[in-house]
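As a plain string of letters, each chain reads:
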Amino acid sequence: MKVIVTENYQQSCDVAAKIIQQTIQAKADAKLGLATGGTPVPIYEALIAMNKNGEVDFSQVRTVNLDEYCGLGPDHPQSYRYFMNDKLFNHVNINKENTYVVSGLGDPNANAEELERMVFEGGTPDLQLLGIGTNGHVGFNEAGDFVQAKSHMENLVPSTIEANARFFETRDEVPTQAISMGMKGILAAKKILLVASGPSKQDAIRGIVANDNITPQNPATFLKLHPDVTIVIDRELADLAGYQA
Ligand code: GLP
């Protein structure tokens, strides 16, 4: 596992955008596994700027997203399909037909099966971008007694619902279930890039960088099983998480 420590969050996002750019430069039709949440927003902004400057070409890029809230359709402003269009796809020269965000509407089991197919069909992602939840969840693979291998419907735990509430007007609107790529799909990516910032992520990051243990109580620790993981954190978080280079 490679840990890159930067001066600040913006620098972390610039480093991550550069790694994504390099992935696309090496393979024009790269398949990217993409993430939502607050963390990747400046990464997508940097990629949009690079695309406008001709530094990265999305015309052949394919994408598959990690997760989607159950009950929210693509036009709901808090759905992850809406987020991806709004924060990235609408602003770069990507063919939207080559982008996939699992549906949050309809039969969740059928949707999960479709997501699983989309992760593996035509080769697994060349790069999987990840944020991390305060409890170490990746995608929406929640912390608990076990993690699931295949894509599935996940019941969100109270701390995750609480963290997501900031994006909704009332607490009642916050979805309590989501479809998530499973750990097998995440770990099947050729390269994994995790970006984290802020004191609330310190326990989750400590579990990854400060020891060699793997536990479903911190699902991100399963990334230790992958041969090519890069974690980008700023100095403040590195210090809080007890990371020593
Ligand atoms: C949600 C997403 C995750 C994301 C996490 C952290 O739960 N499903 O993919 O990593 O939030 O979000 P943030 O980056 O806003 O802290």
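Computed from a predicted model, the values in this text were never measured in an experiment.

How each quantity is defined
- Residues numbered from 1 in each chain as written.
- Predicted model: local features only at pLDDT ≥ 70, side-chain atom pairs only at ≥ 80, totals over all residues.
- Heavy atoms only, no water.
- Near = heavy atom within 4 Å.
- Polar contact = N/O pair within 3.5 Å; in protein donor to acceptor, adjacent residues only side chain to side chain.
- Areas by Shrake-Rupley, 256 points an atom, 1.4 Å probe, with all protein chains shown as cover.
- Nonpolar A, V, L, I, M, F, W, Y, C, P; charged D, E, K, R; others polar.
- Pairing = 2+ DSSP bridges.
- Helix = DSSP H or I, 4+ residues; strand = E, 2+ residues; numbered from the N terminus.
- Axes fitted to C-alpha atoms, helices over the stretch in contact; angles between N-to-C directions.
- Contact = heavy atoms within 4.5 Å.

Q: I'm lost on the site of the ligand in this one. Help?
A: Neighbouring the ligand are 13 residues, the closest being Gly38, Thr39, His137, Arg166 and Lys201. Ile132 is positioned such that a nitrogen or oxygen atom in its backbone is 3.2 Å from an oxygen atom of the ligand. Contact distances for the ligand include 2.7 Å between an oxygen atom and a side-chain N or O atom of Lys201. Coverage of the ligand by the protein chains reaches 93% of its 390 Å² of free accessible surface. Here the residues of the shell around the ligand sort into 3 nonpolar, 7 polar and 3 charged.

Q: Before we go on, may I ask you to explain the sheet that holds strand S3 (residues 62-65) in this structure?
A: The strands that make up a sheet are held in pairs by hydrogen bonds between backbone atoms, and each pair lies either parallel or antiparallel. Read from one edge of the open sheet, 7 strands run S1-S10-S9-S6-S2-S3-S5, paired in parallel fashion. Edge positions in the sheet fall to strand S1 (2-6) and strand S5 (99-100), since each of these pairs with one other strand and no more. In this structure, strand S6 (residues 127-130) lies alongside strand S9 (residues 192-196), joined through 3 bridges in parallel fashion. Across the sheet, residue Leu129 finds its bridge partner in S9, namely Leu193.

Q: I'm lost on the sheet that holds strand S8 (residues 177-180) in this one. Help?
A: One open sheet holds the 3 strands; their spatial order is S4-S8-S7, and the pairing between them is antiparallel. Only two strands of the sheet have a single neighbouring strand rather than two, namely strand S4 (67-69) and strand S7 (152-155). Taken pair by pair, the neighbouring strands of this sheet meet at an average axis angle of 30°, ignoring direction. One ladder, built from 3 bridges, connects S4 with S8; its direction is antiparallel. Across the sheet, residue Glu68 finds its bridge partner in S8, namely Ile179. Relative to S8, helix H4 (residues 108-120) is tilted by about 30°, and along the sheet it contacts S7 and S8.

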